[in-house]
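Observations on chain architecture
This is what each chain is made of:
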Amino acid sequence: NVTVNGPGILINQTTLDLTSDTINADVLNSGTLLVFYYNSINGTLTTTSTSIIHLEGNGSYGTSQLTVANGFTNNGLIELTDVDAGYGAYLYVTTGTLTNATGATISSLSGAGGPRYIDAEITNEGTITVDQSLTIENSGTTFTSTAGTIDVAAGNVLTISSGTTVLASATVLSGPGTGTMDLAGTHTLEL
């Protein structure tokens, strides 16, 4: 329940736990950002290739949620998971685009089976792995994955609900019978 204000930059080089916190300053994450309960970053979020953003739902704090006010580039790893059934992980990007850079990964980890959800306009140039079903909601925006990889593990579903266009001409590793991409509504899908 902490509020951190600017104008300086909050630099995380090791591990920073966010538990019901609001950061109204710019954040440079080159370490591990552990996210529990409801949190927000209202400044600019910058990540490095060594950065990890780990959202984890659990029985102590419930659902894990991170709301980022401005689009950012993931240069490292974003993990959505839970350790107690029924709790999930939610990532919201309010304005702008979440870019998953070349060499970066967004992972929906199997965990205890709770929901995994991203609400953002996404450009995927890296890898999106789905080991637990994942919903990407980005009403009125575009999901683009023209240079990256989408890997949906057996028995899981990647649901993309986009308001305008889904472009997924990337490598899709789900393969016949091993995973599903579920495109809600009317979209353009290029494979």
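Computed from a predicted model, the values in this text were never measured in an experiment.

Attention shifts here to the overall build of the protein. A count of helices and strands for the protein gives zero helices and 20 strands. For the protein, the residues scored as buried account for 48% of the 191 residues in total. Counting contacts in the protein only where the partners sit at least 6 residues apart, residues at least 24 apart contribute 44% of the total. Total accessible area on the protein is roughly 7900 Å²; 49% of this is exposed by carbon and sulfur atoms.

The tally for this structure, following the rule as stated, stands at five aromatic pairs. Judged by centre distance (4.8 Å) and plane angle (75 degrees), the ring pair of Tyr 37 and Tyr 38 falls under edge-to-face. According to the relative accessible area criterion, Tyr 37 is partly exposed, its value standing at 35%. A ring pair is formed by Tyr 90 and Tyr 92, whose centres lie 6.5 Å apart and whose planes are at 10 degrees; its orientation type is stacked.

On to the side chain of Ser 40, then. Its location among the elements puts Ser 40 in strand 5 (residues 38–41). The class of Ser 40 is buried, set by a relative accessible area of 15%.

Further remarks concern the environment of Val 27. Mapped onto the elements of the fold, Val 27 is located in strand 3 (residues 22–29). For the pair Val 27 and Gly 8, spaced 19 residues apart in the sequence, the C-alpha separation amounts to 9.0 Å. Those residues in contact with Val 27, other than ones at most four positions away along the chain, are Leu 10, Ile 41, Thr 44, Leu 45 and Thr 46.

Proximity of charged atoms lets side chains of opposite charge pair with each other. All chains considered together, the criterion is met by one salt bridge. Its salt-bridge partner being Arg 116, residue Asp 82 comes within 2.9 Å of it at the nearest N-O pair. Taken together, the residues span a long stretch of sequence, with Asp 82 in strand 9 (residues 77–82) and Arg 116 in strand 12 (residues 116–124) at a distance of 34 residues. Per residue, the accessibility class of Asp 82 equals that of Arg 116, and both read buried.

Let's shift gears to the nonpolar core. Grouped together as the largest cluster of nonpolar side chains are 32 residues, with contacts concentrated most on Ile 53, Ile 78, Leu 91, Leu 98 and Ile 118. Considering every element that reaches this core, the biggest residue donor is strand 10 (residues 89–100), with four residues. With sequence-adjacent residues up to four places away left out, Leu 91 is seen in contact with Leu 55, Leu 66, Val 68, Ile 78, Leu 80, Leu 98, Tyr 117, Ile 118 and Asp 119.

Next up on the list: the pairing of strand 4 (residues 32–36). Counting buried residues along strand 4, five of its five residues qualify, which places the element largely inside the surrounding structure. Alternating positions in strand 4 separate into two faces, Thr 32, Leu 34 and Phe 36 on one and Leu 33 and Val 35 on the other, with burial throughout. By the bridge criterion, five bridges tie strand 2 (residues 15–19) to strand 4 in an arrangement that is parallel. Each bridged residue has a counterpart across the sheet, and for Leu 18 the counterpart in strand 4 is Val 35. The sheet contact formed by strand 4 and strand 7 (residues 52–57) spans four bridges and is parallel. Looking across to strand 7, one finds that Leu 34 is bridged to His 54.

This part is about unusual backbone geometry. Omega for the peptide link from Gly 6 to Pro 7 comes to 15 degrees, which places this bond in the cis form. Structurally, Pro 7 is set in strand 1 (residues 3–12). A positive phi is found at Ser 20, a non-glycine position, where the angle reads about 60 degrees. Within the element layout of this structure, Ser 20 appears in the loop between strand 2 and strand 3. Positive phi outside glycine occurs at Tyr 37, with the angle close to 65 degrees. Counting through the fold element by element, Tyr 37 comes out in the loop between strand 4 and strand 5.

What counts, and where the lines are drawn
Residues numbered from 1 in each chain as written. Predicted model: local features only at pLDDT ≥ 70, side-chain atom pairs only at ≥ 80, totals over all residues. Heavy atoms only, no water. Helix = DSSP H or I, 4+ residues; strand = E, 2+ residues; numbered from the N terminus. Buried < 20%, exposed > 50% of the residue type's maximum accessible area, 1.4 Å probe, protein only. Contact = heavy atoms within 4.5 Å. Areas by Shrake-Rupley, 256 points an atom, 1.4 Å probe, with all protein chains shown as cover. Phe/Tyr/Trp six-rings, centres within 6.5 Å; stacked < 30°, edge-to-face > 60°. Salt bridge = Lys/Arg side-chain N within 4 Å of Asp/Glu carboxyl O. Core = buried A, V, L, I, M, F, W, Y, C linked by side-chain atoms within 4.5 Å. Pairing = 2+ DSSP bridges.

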